[in-house]
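Spelled out, the chains give:
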Amino acid sequence: MAIWVFGYGSLISKAGFNYDERLVGFIKGYRRVFYQGSTDHRGTPEFPGRTVTLEPAEGEICWGAAYKISKEEDQEIALTYLEVREKQYDRKEYVDVFTELNATTPAISRSLVYIASPDKKANVNYLGPASVEEIARQIVQAEGPSGPNREYLFLLEKALLQIGSDDKHVTDLANEVRRIISEEH
């Protein structure tokens with residue numbers, strides 16, 4: 001039986017595993033926020049970067065990409081890979097993915113998604129809300145084994161534009177990071 005994985009951050013542009021189908025779509029009742037600390041990819045334990053997680057938000061939608069993995073061997077490899085890649089995300093949920101804004105029936109039922117919860121006991125790297133300027137300054141300064149935190153933000157901004165999604169939170173942060181960088185030079 002095939003499984004589906006929904007990505008709303010770096011998975012949109014870089015799955016990192018074999019899949020049979022990629023479907024651009026959205027989930028309902030969530031919004032994407034840069035509230036998760038990254039101490040293993042886009043930052044360090046001393047200076048965490050910020051990556052996206054999902055926050056429940058009544059009436060909102062979050063665009064991303066869903067990946068269908070059919071072969072059992074590919075599923076095992078993908079899930080093992082994702083357990084490492086998403087190890088700082090403490091919750092796994094199953095969400096319905098829609099492709100049409102007025103649709104009442106999902107295009108995909110029960111797609112796996114990784115979420116970093118605000119529960120500080122289960123998720124020690126949760127950073128939570130801050131002003132756009134505070135988050136942007138942290139992103140400008142943070143760098144980890146996977147590269148500069150700003151690169152993660154700019155790649156996400158580009159990936160969202162490519163799928164036709166305008167995410168105000170991501171755009172505002174990217175613009176603020178560019179402003180800070182231009183002031184530094």
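Each chain has its residues counted from 1, running along the sequence as written. Selection of residues for local features in this predicted model requires a pLDDT of at least 70, selection of side-chain atom pairs for listing and counting requires 80 or more, and totals for whole chains, interfaces and linings are taken over all residues. Note: side-chain values were computed over all heavy atoms of the structure, leaving out hydrogens and water.

### Considering helix 1 (residues 72–85)
Given 3.6 residues to a turn, an α-helix orients residues that are three or four positions apart in the same direction.
So, step 1. Its 14 residues give helix 1 an end-to-end C-alpha distance of 20 Å, which sits within 8% of 20 Å, the value for a rise of 1.5 Å per residue.
So, step 2. To sort residues, take the accessible area from a 1.4 Å probe on protein chains only and compare it with the maximum for the residue type: under 20% means buried, over 50% means exposed, and anything in between is partly exposed. The helix count covers DSSP runs of H or I at least four residues long, the strand count covers runs of E at least two residues long, and both are numbered beginning at the N terminus. All of the buried residues along helix 1 are Asp74, Gln75, Ala78, Leu82 and Arg85. Along the axis of helix 1, the buried residues cluster in a sector spanning 100°; they form a single face. Among the exposed residues of helix 1, those pointing more than 90 degrees away from its buried face are Glu72, Glu73, Ile77 and Thr80.
So, step 3. Residues are treated as being in contact if the distance between any of their heavy atoms lies within 4.5 Å. Buried residues along helix 1 sit in contact with strand 1 (3–7), strand 3 (49–69) and strand 5 (108–115). Working rule for helices: expected span equals 1.5 Å times residues minus one. Taking the helix axis as origin, the arc is that swept by the directions to the C-beta atoms.

### Quick notes on the packing of helix 3 (residues 149–162) against helix 4 (residues 168–184)
So, step 1. Packing of helix 3 against helix 4 leaves a shortest axis separation of 10 Å and a crossing angle of 135°. Regarding the angle of helix 3 to helix 4, the classification is oblique. Between helix 3 and helix 4 lies a crossing of left-handed hand. In contact with Arg150, Leu153, Phe154, Leu156, Glu157 and Leu160 of helix 3, helix 4 contributes Val170, Thr171, Leu173, Ala174, Val177, Arg178 and Ile181.
So, step 2. Residues of the contact of helix 3 with helix 4, tallied by class, amount to nine nonpolar, one polar and three charged. Angular values range over 0 to 180 degrees, each being the angle between N-to-C directions of two axes fitted as lines to C-alpha atoms, with helices fitted over their stretch in contact. For classification purposes, an angle smaller than 35 degrees is called roughly parallel, one larger than 145 roughly antiparallel, one from 65 to 115 roughly perpendicular, and anything else oblique. Crossing handedness follows the turn of the near helix against the far one: under a right angle anticlockwise gives a left-handed crossing, and clockwise gives a right-handed one. Side-chain classes are defined by residue name, with Ala, Val, Leu, Ile, Met, Phe, Trp, Tyr, Cys and Pro counting as nonpolar, Asp, Glu, Lys and Arg as charged, and the others, Gly among them, as polar.

### Quick notes on unusual backbone geometry
So, step 1. For Arg110, which is not glycine, the phi torsion reads 60° and is therefore positive.
So, step 2. Looking at where Arg110 falls in the secondary structure, it is placed in strand 5.
So, step 3. A residue is classified by how much of its surface remains accessible, and Arg110, at 56% relative accessible area, is exposed.

### Some words on the nonpolar core
So, step 1. Formed by 48 residues in total, the largest nonpolar core has its most connected members in Phe6, Tyr8, Phe17, Ile27, Phe34, Leu54 and Leu153.
So, step 2. It is strand 3 that contributes the most residues to this core, seven residues altogether. Throughout this description, the term nonpolar core refers to a set of buried Ala, Val, Leu, Ile, Met, Phe, Trp, Tyr and Cys residues connected via side-chain atoms within 4.5 Å.

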